[in-house]
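# An overview of the molecular structure
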Amino acid sequence: MAIQLSLRSGTLTAMLEGEIDHHTARELREEIDSAASRTKPKRLILDFSKIRFMDSSGVGLILGRYRLVSQWGGELCVANLSPNLERIVSLAGLKEICTVYRREENEQESNQ
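In short, a report on the structure. Everything numeric in this text was worked out from a predicted model, so none of it was measured. (Residues numbered from 1 in each chain as written. Predicted model: local features only at pLDDT ≥ 70, side-chain atom pairs only at ≥ 80, totals over all residues. Heavy atoms only, no water.)

## Concerning the overall build of the protein
The criterion, for reference: Only DSSP runs of H or I with at least four residues qualify as helices, and only runs of E with at least two residues qualify as strands; both kinds are numbered from the N terminus onward. We call a residue buried when its accessible area falls under 20% of the maximum for its residue type, exposed when it is over 50%, and partly exposed in between, using a 1.4 Å probe and counting protein chains only. Contacts are assigned to residue pairs that have any heavy atoms within 4.5 Å of one another.
From N to C terminus, the protein includes 4 helices and 5 strands. Across the protein, helices and strands are ordered from the amino to the carboxyl terminus as β-β-α-β-α-β-α-β-α. Considered along the principal axes of its C-alpha atoms, the protein spans approximately 30 × 30 × 25 Å. Buried positions account for 41% of the 112 residues belonging to the protein. Relative to all contacts within the protein whose residues are 6 or more apart in sequence, the contacts with residues 24 or more apart total 66%.

## Some words on the nonpolar core
Buried together is how nonpolar side chains tend to be arranged in soluble globular proteins. Put simply, the rule is: Buried Ala, Val, Leu, Ile, Met, Phe, Trp, Tyr and Cys residues that are joined via side-chain atoms within 4.5 Å together make up what is termed a nonpolar core.
Leu16, Ile20, Leu46, Phe48 and Ile62 are the most contacted members of the largest nonpolar core, which totals 28 residues. Where this core is concerned, the elements lending two or more residues are strand S2 (11–20), helix H1 (25–39), strand S3 (43–54), helix H2 (56–70), strand S4 (75–79) and helix H3 (83–91).

## Focus on unusual backbone geometry
Of note, the phi angle at Lys40 is positive, near 45°, even though the residue is not glycine. Along the chain, Lys40 falls in the loop between H1 and S3. Residue classification places Lys40 among the partly exposed positions, given a relative accessible area of 46%. One non-glycine residue, Asn80, lies in positive phi territory at about 60°.

## Digging into the pattern of salt bridges
Put simply, the rule reads: Throughout this description, the term salt bridge denotes a Lys or Arg side-chain nitrogen within 4 Å of a carboxyl oxygen of Asp or Glu.
Counted according to the given criterion, the structure contains 5 salt bridges. In this structure, Arg43 engages Glu75 in a salt bridge whose closest nitrogen and oxygen atoms are separated by 3.2 Å. One end of the pair, Arg43, is in strand S3; the other, Glu75, is in strand S4, with 32 residues separating them in the sequence. On the accessibility criterion, Glu75 (29% relative accessible area) is partly exposed. Taking the shortest distance from any N to any O, the salt bridge between Lys95 and Glu86 comes out at 3.0 Å. You can call Glu86 buried: its relative accessible area is 13%.

Such coordinate-based values are descriptive only and should not be taken to indicate function.
Here's what the structure looks like:
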């Protein structure tokens, strides 16, 4: 499991790669939480474009990061979900608490 974190203009982006299961979710959670707690971003983007598999641990990862950024009034965005992952996120009700972006929408926002 790999993660790349970048902070730009108050937005912390976590580029996730590999698989998210109960073995990898803890490491991801710790890295993201550490960076987010230090920087307190206005927006946290979890980019799933390089995620091959996610189980319910991924749902927990998203939900926990929502709770974290909500503490300081931040927004959680989930970007570039595959159709299968988008279905999991939708069925879990996470679209109610976070913004879901597709690659095109994410790029348009960056260009504005």
